[in-house]
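Understanding the architecture of this molecule
If you want the building blocks of each chain, they are given just below.
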Amino acid sequence: MSPEEEFLKKEQEKAKNNKIKNRPIIVITYLMVFVYVCLIGYVIYFMQFKAETTIANSRNIRQDSFAETVERGDIITSDGVVIATSSTDEDGNTTRSYPYDNLFAHVVGYDSYGKSGLELQGNFYMLRSHINIFERVVKEIQEEKNRGDNLITTLDYDLQKAAYDALSGCNGAVIVMEPDTGKILVMISKPDFNPNEIDAVWEYLQTEEGASSTILLNRATQGLYAPGSTFKVVTTLEYIRENYNYDKYSYICEGSEIFTGVQIECSSGKVHGELDLADSLAYSCNCSYANIGVELDYASYKDTAEDLLFNKELPYVGSYNSSSFYIDGDSRRDELPQTAIGQGDTMITPLHNALIFSAIANGGVLMEPYLMHSIENDDGATVKKFSPKKYGELMTSDEAAILTDYMKGVCDYGTAAGYFWDASYDVAGKTGTAEYDNEGNCNSWFVGFSNPDNPDIVVSVIVEDYTSNGVSGSWVAKQIFDAYYN
Amino acid sequence: MINIVCEISKFLTILFMVLYTVKCFSIMASNDEEERKRKLNIQIVYVFIIHFLSYLIMYLRLNSVKILVFYGIQIFVAVFYMLVFHSVYKESSRLLTNNTAFMLLIGYTMLTRLDMGLAVKQFIFATVGLIITAFLPYILVKWKKIKDWGVFYGVMGIILLLTVFIPGLGYENFGSRNWIRIGSITLQPMEFVKILFVFFVASMLVKANTIKDLFVNAIISAGFMLVLVLEKDLGAAIIFYITYVFMVYLATSRPIFLIGGVGLGVGAVALAGFLFKDTLFAHVMTRVQAWQDPFAFIDTGGYQVSQSLFALGTGGYLGSGLTKGKAHTIPVSNSDFIFSAICEEMGVLFGLALILVILSIFISFINISLKCRNPFYKYSAFGFATIFIFQSLLNLGGVTKFIPSTGVTLPLISYGVSSVLSTLIIFAIIQGICVISNREAIKNERQKERAKQQLALESGGRIPQKRARKSKKQQN
């Protein structure tokens, strides 16, 4: 072999070696290319499927910059009434107005001084414009603002008005829901404010008197009240869970009795006589429930309360407060009698009460409550629709059926019968009179649903200071049901 | 009117960005020397157009003459660099010079939009960096003994890393103690140490013949990682570790080192996270939580990523247009989160194309490493490629919520004196390796050619002509 041949052979060998040596590099290169393809795929996935919901987040400050080119859309009720609208003057300044003043104050909220209510929740959608492309281009060139999309709510104008009038001058809150969808039809909180005069409201809040005012508080979702006798439904559920022969329960009420050193009296000193479980609920017998309460297993009681979302986050998008239930394995025995009848340290919001009863009405399944029904462009074409979402099963359908059955008694012959005996519809519900101080002053509750065989609506009402104004929760609820069925 | 010009410019920017990206790959795939040359020239035109349109938008929107002057200086330096570097180093990669200039210009553009002062500072440091690093290929060619200094690189690297613990010199920023301050300049020693680290590992691996050698190498490398963990600079620790594992895999050709190395790394992170989750790794845990659900922690650890996703989503595929978005409200948008700022205002499409450009730069690094026959240079080039692509991955993945964010910069685009200088050094070293291996290849080709001619003459056959042209092709 000549030296040249040898050299060429060596070179060939070297090239081959280099190729073998390079194998790991090729492997790593493919690996990294693969990872980058995943990264790109992920970004595209995010843009296609996640971006819309992400940027609709009310914390996205970019939403406000849309206001420079888009005139904020209207807020419209499900029956077509415009409850918030915008107008733009020649200089391009947009003003927001609310045709029905106080009527939708808390639920719709306001658009200045930071946003609240639906103005906050639906901000992003109302600042997007989906009108046709030609109109958009024309407006762009004329440097005019495009009409934003309209927010169609689940609210019902007639029902809201009826509830608002029924509550009249009293402080309190009303929330009405469809149990099988979670649609919120009514949301009222009083005292309220006029969103058209939000500047004045803000000024008032800066004064000494205004500083202690709670007019901006949405009592329907944020107001924490003692549940009073409405909590007996929870106690009943716990009793049913612990005692398979719950229908054999019997108690003789003498109007007053001492349990674990705590004296319990029935309302207005009434003597109920012999009662089973259904009658105990129907007549809202405090002694009977205190009797049940002291026998309950604390830890299990707490579990049941937490199954019903006490001490938990609620599936609600706007601002709200969580309800609280303090009994647990370490609690003192003498806390039980009060807790079982809904006094003590337990606190609940009207929204949460509505959710519990909504789950009972819907065979134990809770639907997530929602206010935004759909988004339409200015021509009325649907851009986005929000569908009902199932939250989960709070109780079995059997348990829900038993509770419904018992609560029918409340309205047929029990504490609410005086309001509903002549109604053209059936109601299952629970009244509550909750003391909020030590002088016997009470708030009045009613939570219940109509047409129990196939429930239509759930109504949750709290009227503050029932003792002095005489308007009861049941009466307000009656007015709402009447408006719904007529 | 201004509106319309700006809108059209925005679309054109994206269009030319896509064309530029396509060229990056088609140049690598091209075999014909003339065609490559033409494509490389077109690429320069695209760079010029993208940069021009971006500055046009900013000038029209902000109406500032300063921007125009700055624009002029930038494009002059960039074109000068792209043309002159190659004429000095004939065997260097023109695709790489184009990409270097392009990435720097994109960085300047976004920084001008975010903070003109920073942009000017970045431009000055990067230009000084370009001038200084222009000598590196020359030094590399001359300095044959570079591979024998392994121990020195290792010791020097660890000492430099430790400087951040010197009171008065080092300080803590963004939860990591990895900065030093000299006068008014703040630096991250880690950025420069990673270069020493690659040389150290390459040099040790070239010499390593036994398992024992590998073991000693592993111990010292673990020292680097340990210091980085103590600095609470997890992002850097991951980059160093992966680079180390990949390089060992290359040197040994044994998949077990790759699989075992990665597995060990994951295990170590999991174990450390479990043991020190409230102390050393507390801020890492916050970042992992923020990654899982940034919006639930929007007021604390999830703030940055939430803002980044808002920016991407709101900007959309086409972007809001430069100056029209709220890119300046993204935390550290001039540095770690600059990619989100780019996506918001120049469009997610632009961002996706940028990711592909970064990938193409990695592949051109790899090509240089593949061709290189000297193991030290091969390992080094591969190590630098790993650092570049992995750091980019940590950055891009972190800001898009693909992976938890680790607080590393995007090479050449993010603002940062240390980051941009160290990346320029890496790019220049790669060019040096490219020059060395190309020269060697050409020399080899010539020798082969001569040998063949000799053989052909001896056997009386004809001279194979077509071989003559091939040597030219090696030049990129």
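Residues numbered from 1 in each chain as written. Chains lettered and ligands numbered in written order. Predicted model: local features only at pLDDT ≥ 70, side-chain atom pairs only at ≥ 80, totals over all residues.

**Observations concerning the overall build of chain A**
Within chain A, the secondary structure is distributed over 21 helices and 19 strands. Whereas a compact globule of 486 residues would reach a radius of gyration of roughly 23 Å, chain A reaches 30 Å, over 25% beyond that. Each of the three principal axes of chain A carries a C-alpha extent, and together these read 125 × 70 × 45 Å. The buried share of chain A, reckoned over its 486 residues, is 48%. Taking as baseline every contact in chain A between residues at least 6 positions apart, the subset at least 24 positions apart corresponds to 66%. (Helix = DSSP H or I, 4+ residues; strand = E, 2+ residues; numbered from the N terminus. Rg over C-alpha atoms; globule rule 2.2 N^0.38 Å. Buried ≥ 20, exposed ≤ 12 C-beta atoms within 10 Å, placed from the backbone. Contact = placed C-beta atoms within 7 Å.)

**What to know about the environment of Gly273 of chain B**
Summarising the element assignment, Gly273 of chain B is placed in helix 11 (residues 255-275). As a C-alpha pair, Gly273 of chain B and Met285 of chain B span twelve residues in sequence and 7.5 Å in three-dimensional space.

**Considerations on the domain arrangement of chain A**
Structurally, chain A comprises domain 1 (3-56), domain 2 (62-153) and domain 3 (160-194 + 202-369 + 387-485). For domain 1 of chain A and domain 3 of chain A, the distance between their C-alpha centres works out to 65 Å. (Domains from an automatic or database assignment.)

**Some words on unusual backbone geometry**
Phi is mostly negative for residues that are not glycine, and the peptide bonds are mostly trans. Residues and elements named next belong to chain A. Following Lys190, the chain continues into Pro191 via a peptide bond in cis, with omega recorded as 5°. Here Pro191 shows up in the loop between strand 8 (184-190) and helix 9 (198-206). Its identity as a non-glycine residue notwithstanding, Asn451 has a phi of 50°, on the positive side. Positionally, Asn451 belongs in the loop between strand 18 (442-450) and strand 19 (458-463).

**Some words on the environment of Phe337 of chain B**
All names here are of chain B. Relative to the helices and strands, Phe337 resides in the loop between helix 13 (303-315) and helix 14 (338-346). Residue class for Phe337 comes out buried when judged on the 25 C-beta atoms lying within 10 Å of it. Taking the C-alpha atoms as reference points, Phe337 and Ala282, 55 residues apart in sequence, are found 22 Å from one another. For Phe337, the contacting residues outside a window of four places in its chain are Gln304, Ser308, Ile330, Pro331, Val332 and Val399.

**Brief notes about the interface of chain A and chain B**
If you look at the interface, chain A gives 32 residues, while chain B gives 38 residues. Secondary structure elements with two or more residues in the side of chain A that touches chain B: helix 1 (3-21) and helix 2 (23-55) of chain A. Take the side of chain A that touches chain B: its biggest share by element is 18 residues, from helix 2 of chain A. Residue composition of the side of chain A that touches chain B, by class: 18 nonpolar, seven polar and seven charged. (Nonpolar A, V, L, I, M, F, W, Y, C, P; charged D, E, K, R; others polar.)

**A short note on the environment of Ser335 of chain B**
All names here are of chain B. Counting through the fold element by element, Ser335 comes out in the loop between helix 13 and helix 14. Overall, the presence of 21 C-beta atoms within 10 Å leaves Ser335 in the buried class. Separated by 81 residues in the primary sequence, Ser335 and Gly416 have C-alpha atoms spaced 6.9 Å apart. Ser335 has contacts with Thr409, Ser414, Tyr415 and Gly416, leaving out every residue within four places of it along the chain.

**Let's talk about the sheet that holds strand 8 of chain A**
Residues and elements named next belong to chain A. Reading across from one edge, 8-7-19-18-17 is the order of the five strands in this open sheet, with antiparallel pairing throughout. With one partner strand each, in any of the chains shown, strand 8 and strand 17 (427-435) form the two edges of the open sheet. Neighbour to neighbour, the strand axes of the sheet diverge by 5° on average, direction disregarded. Alignment of strand 17 against strand 18, held across nine bridges, turns out to be antiparallel. Within the sheet, the bridge partner assigned to Val427 lies in strand 18 and is Ser450. On the sheet, helix 18 (residues 397-412) packs against strand 17 and strand 18 and is oriented at approximately 70° with respect to strand 17. (Pairing = 2+ DSSP bridges. Axes fitted to C-alpha atoms, helices over the stretch in contact; angles between N-to-C directions.)

**Examining helix 15 (residues 298-307) of chain A**
Residues and elements named next belong to chain A. The complete set of buried residues in helix 15 reads Tyr301, Lys302, Thr304 and Ala305. Burial along helix 15 is one-sided: seen end-on, the buried residues are contained in an arc of 160°. Where the residues of helix 15 are buried, they touch helix 12 (232-242). Where helix 15 ends, the next residue or the one after it, Leu309, has phi of about 80°, a positive value. (Arc of directions from axis to C-beta.)

**Points about the packing of helix 12 of chain A against helix 18 of chain A**
Residues and elements named next belong to chain A. With their axes 11 Å apart at the nearest point, helix 12 and helix 18 run at an angle of 130° to one another. It follows from the interaxial angle that helix 12 and helix 18 lie oblique. The element helix 12 and its partner helix 18 pack so that their crossing is right-handed. For the pair helix 12 and helix 18, the contacting residues are Val233, Thr236, Leu237 and Ile240 in the first and Glu399, Ile402, Leu403 and Tyr406 in the second. Classifying every residue of the contact of helix 12 with helix 18 gives six nonpolar, one polar and one charged. (Parallel < 35°, antiparallel > 145°, perpendicular 65-115°, else oblique. Left-handed = near helix turned anticlockwise from the far one by under 90°.)

**Some remarks on the sheet that holds strand 2 (residues 176-182) of chain B**
Residues and elements named next belong to chain B. Taken in spatial order, the three strands make up an open sheet running 1-2-3, and their pairing is antiparallel. The open sheet terminates on both sides in strands that have one partner only, identified here as strand 1 (170-173) and strand 3 (185-187). Mean inter-strand twist for the sheet, computed between neighbouring axes without regard to direction, equals 40°.

**Topic: the packing of helix 8 (residues 189-207) of chain B against helix 10 (residues 234-252) of chain B**
Residues and elements named next belong to chain B. For the pair helix 8 and helix 10, the least separation of the axes is 10 Å and the interaxial angle reads 20°. Taken together, the axes of helix 8 and helix 10 are roughly parallel relative to one another. The handedness of the crossing between helix 8 and helix 10 is right-handed. In this structure, helix 8 uses Met190, Lys194, Phe197, Val198, Val201, Ala202 and Leu205 to contact helix 10, whose residues at the interface are Ala236, Ile239, Phe240, Thr243, Tyr244, Met247, Val248 and Ala251. Residues belonging to the contact of helix 8 with helix 10 are distributed by class as follows: 13 nonpolar, one polar and one charged.

**Concerning helix 21 (residues 473-485) of chain A**
With 13 residues, helix 21 of chain A should reach 18 Å at 1.5 Å per residue; the first-to-last C-alpha distance of 19 Å fits that figure. Lining the buried residues of helix 21 of chain A we find helix 8 (157-167), strand 7 (172-177), helix 19 (417-420), strand 17, strand 18 and strand 19 of chain A. (Expected span 1.5 Å × (residues − 1).)

**Let's talk about the confidence of the model for chain B**
Residues and elements named next belong to chain B. Of all residues in chain B, 95% have pLDDT values of 70 or greater, and the mean over the chain is 88. For the stretch residues 470-476, pLDDT sits under 50, and the model shows 15 contacts to residues farther than four places along the chain or on other chains. In the predicted complex, the global pTM is 0.73; the interface-specific ipTM is 0.92. (pLDDT = per-residue confidence, 0-100.)

**Quick notes on the pairing of strand 18 of chain A**
Residue and element names in this part refer to chain A. The element strand 18 is extensively covered by neighbouring structure, given that nine of its nine residues are classed as buried. Alternating residues of strand 18 divide into Cys442, Ser444, Phe446, Gly448 and Ser450 and Asn443, Trp445, Val447 and Phe449, and every residue in both groups is buried. Where strand 17 hands over to strand 18, the hairpin turn is made up of six residues, of which Gly440 adopts a positive phi near 85°. Bridging between strand 18 and strand 19 involves six bridges; their strand directions are antiparallel. For Val447, the partnering residue across the bridge sits in strand 19 and is Ser460.

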